[in-house]
Amino acid sequence: MIPLLDLNLEYKMFKSEIEQSLYEVLKSGSFILGDKGKELERSIAEFIGTSHGIGLANGTDALLLSLEALGIGHNDEVITTTFSFFATAEVIARVGATPVFVDIDPVTYNMDPLLLENVITEKTKAIIVVHLFGQPADMDKILNISKCYNISVIEDTCQSIGATFGGKKVGSFGDTGCFSFFPTKNLGAYGDGGMVVTNKQYINEKICLLRNHGCEVRYIHNEIGTNSRLDELQAAILLFKLKMLNEWNLKRGKLASRYTHYLKPHLKTPVVACGRSHVFHQYCVELDDRDELALFLHKKQIATGIYYPVPLHLQEAFQYLKYKEGDFPVAEETSKRILALPMYPLMTKNQQDKVISSINEFMSGER
Ligand SMILES: *Cc1c(COP(=O)(O)O)cnc(C)c1O
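Read on for a plain summary of the structure.

What counts and what doesn't
- Residues numbered from 1 in each chain as written.
- Predicted model: local features only at pLDDT ≥ 70, side-chain atom pairs only at ≥ 80, totals over all residues.
- Heavy atoms only, no water.
- Buried < 20%, exposed > 50% of the residue type's maximum accessible area, 1.4 Å probe, protein only.
- Helix = DSSP H or I, 4+ residues; strand = E, 2+ residues; numbered from the N terminus.
- Pairing = 2+ DSSP bridges.
- Salt bridge = Lys/Arg side-chain N within 4 Å of Asp/Glu carboxyl O.
- Right-handed = clockwise from strand over helix to strand, strands pointing away.
- Polar contact = N/O pair within 3.5 Å; in protein donor to acceptor, adjacent residues only side chain to side chain.
- Contact = heavy atoms within 4.5 Å.

## Looking at the pairing of strand β12 (residues 283-286)
Residues Tyr283 and Val285 point to one face of β12 and Cys284 and Glu286 to the other, with burial holding for every one of them. Summarising the sheet, β12 and strand β13 (residues 338-341) pair through 4 bridges and their orientation is antiparallel. Looking at β13, one finds that glutamate 286 is bridged to isoleucine 338.

Pasting the structure below:
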C-alpha cells in the first residue's frame, strides 16, 4: 500500500532523538508553559521572521484567538475563501461574526484578490487569507486592498509553513500568521498543537492572556479567555522536527517537480505562481473523471485524497448564510475535479514511480 502520507517512517528514522527529547521533558516535570514551549515560540518566530510566537493547543485556536485579539465579533464581517478546510470559516462564526466568501483563482486555488473589493462593506473587519496546499496567496494585491480599506489580515498558514512570497515567509505579512502542528502538517507534532506569530506587541500580549484563562498572575483573571496551551512534550518533538523542516520541504518540492514532469502531458498539474515558493503540503491534480481515477488507484493499493469535496459556502453548517450552488463556480468545479496524490518527504522514488505509471495506465485508457 502506498499511503497518502506516512508518519511512521520518520519516527522510525529518528526514534532515538525523538525519544530522547521526550525523556528530557518527562524528567523535567514541567509539562505546560515551560522552557521547551518558550524555545519553540522563539524558534518559529525567528524562522518566519516575526517578533513573537505564541504556542497554542491547535491551529483552529490560532485563528480563533487572532480574531478575538483583533476585537472581531458580533455584527462584523470577515472575508475568506470558500475553498479551504472548514476551520478557516468556522472560527469566524464562532466569534459571532459573519463569514463572507469569495471564489478562488483556478491556478493557485487561493482566494482571487480581484473579487475582494466587491464584497467589502462597512462591516468588513478582516480578511482570513489561506495559503492552500502550501502555495502562498497573492499577498501584494491582498495587502494593497486591506490597507486601502483599513481591514486586518489574518494568514491561515496551517498548510504552508516555510513557503515564501517575494522571498518573505508567509505568516509574516498579516496581523497574525496561524500555524497548525496537527500530525499530518509539514511540521507536525504527535498530537495537536498550534501557534500564532505576529509583529504586534498588543496582539502578543492579548493572545498570551487569552490562551491561559485571561490570567497573568495566578488566580487573578483580567478577562474571559480559554485553555489553549501547547504542551511541553509536543514542543520538544516540534523543536527537533523544525531542524529538518527546510530539508523536508525541499524534498516535497523535488517529488512535486518529478510528478509534474511525468503527469503534465495527461492532466492538470500544480502551477507555482511567479515570485512564490510552494511547500507542497498537498500535491493535487485535476481531471474530469477524478472519481474513476481514485478508484483505479485504490485498486492498485495507492491512496488518494479529496481536498475539498464540498466548498464552504455549500456546507450544511453555513446554510444560514443563504449561499447557493453556482455562487462560486471555480471552487465548485475544482471540488469535483481535484485529487491529492501521495506526498511525504520520505516517499521513495520507487513508490512515486508506481503512482506515476498507474496514472499513465489509467489516462491511456488501459483500465
Ligand atoms: C489544519 C488546518 C486548520 C486547523 O488546524 P488544527 O490544528 O487541526 O486545528 C485550519 N486551516 C487549515 C487550512 C488547515 O489545513
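## Here's the deal with the pattern of salt bridges
In total, this model carries 18 salt bridges according to the counting rule given. As a salt-bridge pair, arginine 337 and glutamate 286 come within 2.9 Å of each other at their nearest N and O atoms. Of this pair, arginine 337 sits in helix α11 (residues 329-337) while glutamate 286 is found in strand β12, placing the two residues 51 residues apart along the sequence. When its relative accessible area of 18% is taken as the criterion, arginine 337 is described as buried.

## A closer look at the pairing of strand β3 (residues 98-102)
Extensive coverage of β3 is indicated by the burial of 4 of its 5 residues. Pairing between strand β2 (residues 77-81) and β3: 5 bridges, direction parallel. In the strand pairing of β3, threonine 80 is matched with phenylalanine 101. Handedness of the crossover joining β2 and β3 through helix α5 (residues 87-94) is recorded here as right-handed.

## Quick notes on the side chain of threonine 81
By secondary structure assignment, the location of threonine 81 is in strand β2. Owing to a relative accessible area of 2%, threonine 81 belongs among the buried residues under this scheme. Among the polar contacts listed, one links the side chain of threonine 81 to the backbone nitrogen of phenylalanine 83, at a separation of 2.9 Å. With near-sequence residues (within four places) excluded, threonine 81 lies in contact with Phe101, Val102, Ile104, Met111, Ile128, Val130 and Leu312.

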